[in-house]
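# Examining the three-dimensional arrangement
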Amino acid sequence: MKKDIGNDCMDTLLIIDDEPMIRKLLSKIMQLEGYEVYQAADCTSALRELELRRPQVVVCDVFLPDGNGIDFIQKIKNKYPAIEVILLTAHGNISDGVKAIKNGAFDYITKGDDNNKIIPIINRAMEDVRKREKNVPSESSVNYSFKSIIGLSESIQNTLQLAAKVATTDVPVLLTGETGTGKEVFAQAIHSGSLRREKPFLAVNCSAFSKDLLENELFGHKSGSFTGATKDKKGLFEEANHGTLFLDEVGEMSFELQAKLLRVLEEGEFYRIGDTRPTKIDVRIISATNRDLKKEIENNTFRQDLFFRLSVFQIMLPALRDRAEDIPALCYFMLEKSAAKIHKSITGITPECMSALKSYSWPGNIRELRNVMERGAIICESELTLEDLPIEMQNFITRKNKEKELSGFELAAMEKNHIKKVLQHTRGNKTEASRLMKIGLTTLYRKIEEYGIEL
């Protein structure tokens, strides 16, 4: 999704890399996303750009002609603490990642392996900057409750009832369902409804890290356990002690790391990287996946014993297409919220547009709907219309309408042919034909005229 273009000023990005082709390619991509992009080939020119341009987000390579990007991050953050910095490297390893985060990096990306992650990470970094500028709390800090989940359909209400029942217990919960169905929102609501509500709720996307980085993220490390580990670091399990840890996309976790997670669930303890003594913790685990973990077990990519521990209580979140009656309420809520962010007044949604929104298949579920409403709030004048929807949605609706027209035409042709055959059988006796077809005589006369049937 392209960036907001309704802001007072354009979002600004600085790319620091000594490879001109990398700078040019990334600049072109992010300009298409709506960013104003500046470039620098080394630390010296980057410092000039930082002073002159004051970008909101920086993407910095590790290996620069006049310095190391990891150390340069610290210089940037010391002088410009509001700027978010993303490290870009061709050689990803755990020590670089840990040190970059320690020095204040927003995230760490490996060139080539993470091309599909660059845009979302830059967008998230920019969103955090803009929210701080407006003094708006970030999405992850919002305290969701069951009351904040919109929907009166039977499927979502049944799901809410199950989640509310399990919330008051301490058992692990596995949330399943398609991508974008709101698993993290449900996880936060379960935490808010539990006795741990006053303690931390932390979330990690298991697909966003390599195996080594995820292990370090979850369990932390001891000082000296690897190059760059200059001091002890707590992992998320320790940070979430007495609270809840949400493991999103748990099906992406490596087989080796699954064994270490199983130990935490069974023993209530883990080992930091490089530590010889276990650390005891009391953490509730809520996990989520859009994969079929039973198939993953058959394929020997997911541990059966871990599955049984994680899925003590399993909740399947319904797809948006299976709760179409909730779409109007969701649309109005999200549209109003998006409009308020950009200080815009929107009067409503046209009936034609709402009909299209309800009939669309929503492969991206709630997340896709939110994106469409955010985009619509920017584009529409006063009322959201069919023309304000993304072109792929408009094409889908057009295709569906054509299919309906074709289907209606085929049914009409079949009915016309049937009436002609019955009238031939009754030698034109309309009373007898209406009796055989079990329709009124007036209806038969109307259809004869409508279809232009000649007797």
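Residues numbered from 1 in each chain as written. Predicted model: local features only at pLDDT ≥ 70, side-chain atom pairs only at ≥ 80, totals over all residues. Heavy atoms only, no water.

## Overview of the packing of aromatic side chains
- Evaluation of the coordinates by the stated rule reveals seven aromatic pairs.
- Relative to Phe270, the ring of Phe237 has its centre 6.1 Å away and its plane inclined at 35°; by these criteria the two rings are tilted. Of this pair, Phe237 sits in helix H9 (residues 236-239) while Phe270 sits in strand E13 (residues 269-270), placing them 33 residues apart in sequence. The residues Phe237 and Phe270 share a single accessibility class, namely buried.
- Their ring planes at 85° and their centres at 4.8 Å tell us that Tyr360 and Trp362 sit as a pair that is edge-to-face.
- On the accessibility criterion, Tyr360 (8% relative accessible area) is buried.
- In this structure Trp362 comes out as buried when scored by relative accessible area, which is 0%.
- Chaining the aromatic ring pairs together yields one cluster made of Phe219, Phe237 and Phe270. (Phe/Tyr/Trp six-rings, centres within 6.5 Å; stacked < 30°, edge-to-face > 60°. Helix = DSSP H or I, 4+ residues; strand = E, 2+ residues; numbered from the N terminus. Buried < 20%, exposed > 50% of the residue type's maximum accessible area, 1.4 Å probe, protein only.)

## Some remarks on the pairing of strand E1 (residues 12-16)
- Burial within E1 is extensive, with five of its five residues counted as buried.
- Examined bridge by bridge, E1 and strand E2 (residues 36-40) share five bridges and lie parallel to one another. Paired with Ile15 across the bridge in E2 is Gln39.
- Note on the crossover from E1 through helix H1 (residues 20-32) to E2: the handedness is right-handed. (Pairing = 2+ DSSP bridges. Right-handed = clockwise from strand over helix to strand, strands pointing away.)

## Topic: the side chain of Thr181
- Examined against the element boundaries, Thr181 turns out to sit in the loop between strand E8 (173-176) and helix H7 (183-192).
- Polar contacts involving the side chain of Thr181 include one to the main-chain carbonyl oxygen of Glu178, which spans 2.8 Å.
- Ignoring anything within four residues of it in the chain, the contact list for Thr181 reads Leu317, Pro318, Ala319, Asn365 and Ile366. (Polar contact = N/O pair within 3.5 Å; in protein donor to acceptor, adjacent residues only side chain to side chain. Contact = heavy atoms within 4.5 Å.)

## Quick look at the packing of helix H13 (residues 327-341) against helix H14 (residues 351-359)
- As a packed pair, H13 and H14 sit with axes 10 Å apart at the nearest point and diverge in direction by 115°. Crossing of H13 against H14: the hand is right-handed. On the side of H13, the interface is formed by Ile327, Pro328, Cys331 and Tyr332, while H14 contributes Met354, Leu357 and Lys358. (Axes fitted to C-alpha atoms, helices over the stretch in contact; angles between N-to-C directions. Left-handed = near helix turned anticlockwise from the far one by under 90°.)

## Some words on the sheet that holds strand E7 (residues 107-110)
- Taken together, five strands build an open sheet; the order of strands is E2-E1-E3-E6-E7 and the sheet is parallel. In the strand order of this sheet, the two ends are held by E2 and E7, each with one partner. The sheet shows a mean angle of 20° between the axes of neighbouring strands, taken without regard to direction.
- In the sheet, strand E6 (residues 84-89) pairs with E7 via four bridges, with the strands oriented parallel. If you follow Thr89 over to E7, its bridge partner there is Thr110.
- Its contacts with the sheet put H1 on E1, E2, strand E3 (57-61) and E6, and the angle it makes with E2 is roughly 170°.
- Helix H2 (residues 43-53) contacts E1, E2 and E3 of the sheet and is inclined by roughly 150° relative to E2.

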